[in-house]
Amino acid sequence: MNTVVNHTLPSNIATGIILLAFIPLSICSCDNINIKKELKAIDSLNQVIGKADIKIKDIDVEKVKKCQEEVIANLNIIEEYYQDTLPRELIKLLSDYNSIKKPLKRFLDNKEYYDKEIVYSKKQLQNLKQDIEKRLITKEQFQEYYSTEMKAVSDLERDINLYVNTAKTKIDWFNSTNPKIREVIEKNGNVFVGINSKVRS
């Protein structure tokens, strides 16, 4: 499930044009902004984004791909060997092993999207910071834009934590289950083709 974060802020130029038409109002409103407080709030969101960025980069994408590829290859070998029914002792093992595929695929499918969202959020927060420093927006506008960004950052952090933690769990599962799958394949005289090593997260 992809969570699409839609959040936009007006450009400094567009904001400046609007402000030109309402100079008396904006001067009064901007005076109410506590610049130090608002900048601190923006920095807090930047810290959250920074941690999310570190977290999603904590997994080696190439190793995740190799892990997924080996799971698929091994399952295909077993499926080919056991044309009819599976021995009872294999059912649970294969069920656990098969559950590794989808979470790793979801991580790989969404990795690029979340990388772009992190960059976009950083840019939005930088724009908001500049607008505050230059007093280009009112206090009410800041609260509106900040609330939008705060929700976007919160959703992004939640989704990255979910995808990364699940992927790490499945990689650990792969490392503990794959030797048993290899043993099954080798016992039945099939040539094992794989990376022959654990995949580290």
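Residues numbered from 1 in each chain as written. Predicted model: local features only at pLDDT ≥ 70, side-chain atom pairs only at ≥ 80, totals over all residues. Heavy atoms only, no water.

**What about helix α3 (residues 35-56)?**
The terminal C-alpha atoms of α3, which comprises 22 residues, lie 32 Å apart, in line with the 32 Å expected from a rise of 1.5 Å per residue. Listed as buried for α3 are Glu-38, Leu-39, Ala-41, Ile-42, Leu-45, Ile-49, Ala-52, Asp-53 and Ile-56. Angular distribution of buried residues about the axis of α3 spans 155 degrees; they occupy a single face of the element. Residues of α3 that are exposed and angled more than 90 degrees away from the buried face: Lys-36, Lys-37, Lys-40, Gln-47, Lys-51 and Ile-54. Structurally, α3 contributes buried residues whose contacts are with α6 (101-133) and α7 (139-187). (Helix = DSSP H or I, 4+ residues; strand = E, 2+ residues; numbered from the N terminus. Expected span 1.5 Å × (residues − 1). Buried < 20%, exposed > 50% of the residue type's maximum accessible area, 1.4 Å probe, protein only. Arc of directions from axis to C-beta. Contact = heavy atoms within 4.5 Å.)

**Here's the deal with the confidence of the model for the protein chain**
Residues at a pLDDT of 70 or more form 76% of the protein chain, whose mean pLDDT is 80. Of the regions scoring below 50 in pLDDT, residues 190-201 engages in 31 contacts with residues more than four places distant in sequence or in other chains. (pLDDT = per-residue confidence, 0-100.)

**Some remarks on the environment of Lys-180**
Mapped onto the elements of the fold, Lys-180 is located in helix α7. Taking C-alpha positions, Lys-180 is 9.8 Å from Tyr-97, a pair spaced 83 residues apart along the chain.

**A closer look at helix α5 (residues 88-98)**
Taken together, the buried positions of α5 are occupied by Leu-90, Leu-93, Leu-94, Asp-96 and Tyr-97. Viewed along the axis of α5, the buried residues span an arc of 160 degrees, placing them on a single side of the element. α5 presents Arg-88 and Lys-92 as exposed residues on the side facing more than 90 degrees away from its buried surface. On its buried face, α5 sits against α4 (61-81), α6 and α7.

**Remarks on the side chain of Lys-170**
Counting through the fold element by element, Lys-170 comes out in helix α7. Buried charge without a partner: Lys-170 forms no salt bridge, and the closest opposite charge is Asp-96, 7.4 Å away. (Lys, Arg positive; Asp, Glu negative; His and termini not counted. Salt bridge = Lys/Arg side-chain N within 4 Å of Asp/Glu carboxyl O.)

**Description of the nonpolar core**
In this structure, Phe-107 and Ile-160 are the most contacted members of the largest nonpolar core, which totals 44 residues. Elements that contribute at least two residues to this core include exactly α3, α4, α5, α6 and α7. Per-element accounting of this core gives the leading share, 14 residues, to α7. If we skip the residues at most four places from it in the chain, Ile-160 touches Ala-52, Ile-56, Tyr-114 and Ile-118. (Core = buried A, V, L, I, M, F, W, Y, C linked by side-chain atoms within 4.5 Å.)

**Comments concerning empty space enclosed by the protein**
Tallied over the entire structure, the rule returns 1 cavity of 30 Å³ or more. Estimated volume of the largest cavity: approximately 40 Å³. In this structure, the largest cavity is lined by Ile-56, Arg-106, Phe-107, Asn-110, Lys-111, Tyr-114, Ile-160, Tyr-163 and Val-164. By residue number, the principal contributor to the lining of the largest cavity is α6, which donates 5 residues. When its residues are assigned to classes, the lining of the largest cavity shows 6 nonpolar, 1 polar and 2 charged. (1 Å grid on protein atoms, 1.4 Å probe; cavity = no way out; pocket = protein on both sides within 12 Å on 5 of 7 lines; lining within 4 Å. Points joined across faces, edges and corners; volume = space filled by probe spheres on them. Nonpolar A, V, L, I, M, F, W, Y, C, P; charged D, E, K, R; others polar.)

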